[in-house]
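Below are the chains, spelled out letter by letter.
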Amino acid sequence: MSKKQIAKKYLREHVDFAGLTHEWKHSWLSSKPKSWLFTNGLSFQYFYAHQKKAIEVAGYKHPHSDRTWLTMNAIQRELIEEIIF
């Protein structure tokens, strides 16, 4: 498995997607375009702590680099698209 696949698997298992979906549907974001869910504080509170751990579990060499965090953001977008939409 690649590092990205390991991180994605970790996030899929640990992020509370049911809670995120519930909060999204009952917030002001529900009337906004779905693309807004990827880049706001609501998704941040569900993903950030788990993303830090996923980086560690996957074994990224540079956990604070822009490239690593761009990968985490891409994984976040993929998971939200797959699970919520």
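Structure shown above.
Residues numbered from 1 in each chain as written. Predicted model: local features only at pLDDT ≥ 70, side-chain atom pairs only at ≥ 80, totals over all residues. Heavy atoms only, no water.

1. Considerations on the overall build of the protein chain
Scanning the protein chain from N- to C-terminus turns up 4 helices and 0 strands. Mapped from its N terminus to its C terminus, the protein chain presents α and β elements in the order α-α-α-α. What you see for the protein chain is a C-alpha radius of gyration of 13 Å, in line with the 12 Å of a compact globule of 85 residues. Across its three principal directions, the C-alpha atoms of the protein chain cover 40 × 25 × 20 Å. Long-range pairs, those at least 24 residues apart, make up 66% of the contacts in the protein chain between residues at least 6 apart in sequence. Surface exposure of the protein chain reaches about 5,400 Å², of which carbon and sulfur atoms provide 54%. Across the protein chain, 13 positive and 8 negative side-chain charges occur, with their mean positions spaced 4 Å apart. (Helix = DSSP H or I, 4+ residues; strand = E, 2+ residues; numbered from the N terminus. Rg over C-alpha atoms; globule rule 2.2 N^0.38 Å. Contact = heavy atoms within 4.5 Å. Areas by Shrake-Rupley, 256 points an atom, 1.4 Å probe, with all protein chains shown as cover. Lys, Arg positive; Asp, Glu negative; His and termini not counted. Charge placed at Lys NZ, Arg CZ, Asp CG, Glu CD.)

2. Quick look at the pattern of salt bridges
Under the criterion given, the structure shown has 5 salt bridges. The shortest N-O distance in the salt bridge between K4 and E78 comes to 3.1 Å. In this pair, K4 is assigned in helix 1 (residues 3–14) and E78 in helix 4 (residues 66–83), connecting sequence segments 74 residues apart. Here E82 and R12 are joined by a salt bridge, their closest N and O atoms 2.8 Å apart. Taken together, the residues E82 in helix 4 and R12 in helix 1 connect sequence positions 70 residues apart. The exposure class of E82 is partly exposed, given its relative accessible area of 44%. On the basis of relative accessibility, which here comes to 39%, the residue R12 falls in the partly exposed class. What emerges from the salt-bridge pattern is a single network uniting K4, K8, R12, E78 and E82. (Salt bridge = Lys/Arg side-chain N within 4 Å of Asp/Glu carboxyl O. Buried < 20%, exposed > 50% of the residue type's maximum accessible area, 1.4 Å probe, protein only.)

3. Focus: the packing of aromatic side chains
Under the counting rule described, the total for this entry stands at 4 aromatic pairs. Taken together, a centroid distance of 5.8 Å and an interplanar angle of 75 degrees make the contact between F17 and F47 edge-to-face. Of this pair, F17 sits in helix 2 (residues 17–25) while F47 sits in helix 3 (residues 41–58), placing them 30 residues apart in sequence. Each member of the pair, F17 as well as F47, is classed as buried. On the basis of an interplanar angle of 70 degrees and a centroid distance of 6.1 Å, the ring pair of W28 and W36 is categorised as edge-to-face. (Phe/Tyr/Trp six-rings, centres within 6.5 Å; stacked < 30°, edge-to-face > 60°.)

4. Details of the packing of helix 1 against helix 4
Relative orientation of the contacting elements helix 1 and helix 4 amounts to 50 degrees, with a least axis distance of 10 Å. Accordingly, the angle class assigned to the pair helix 1 and helix 4 is oblique. Relative to helix 4, helix 1 is oriented so that their crossing is right-handed. Between helix 1 and helix 4, the residues in contact are K4, A7, K8, L11 and R12 and T71, M72, I75, E78, L79, E82 and I83, respectively. (Axes fitted to C-alpha atoms, helices over the stretch in contact; angles between N-to-C directions. Parallel < 35°, antiparallel > 145°, perpendicular 65-115°, else oblique. Left-handed = near helix turned anticlockwise from the far one by under 90°.)

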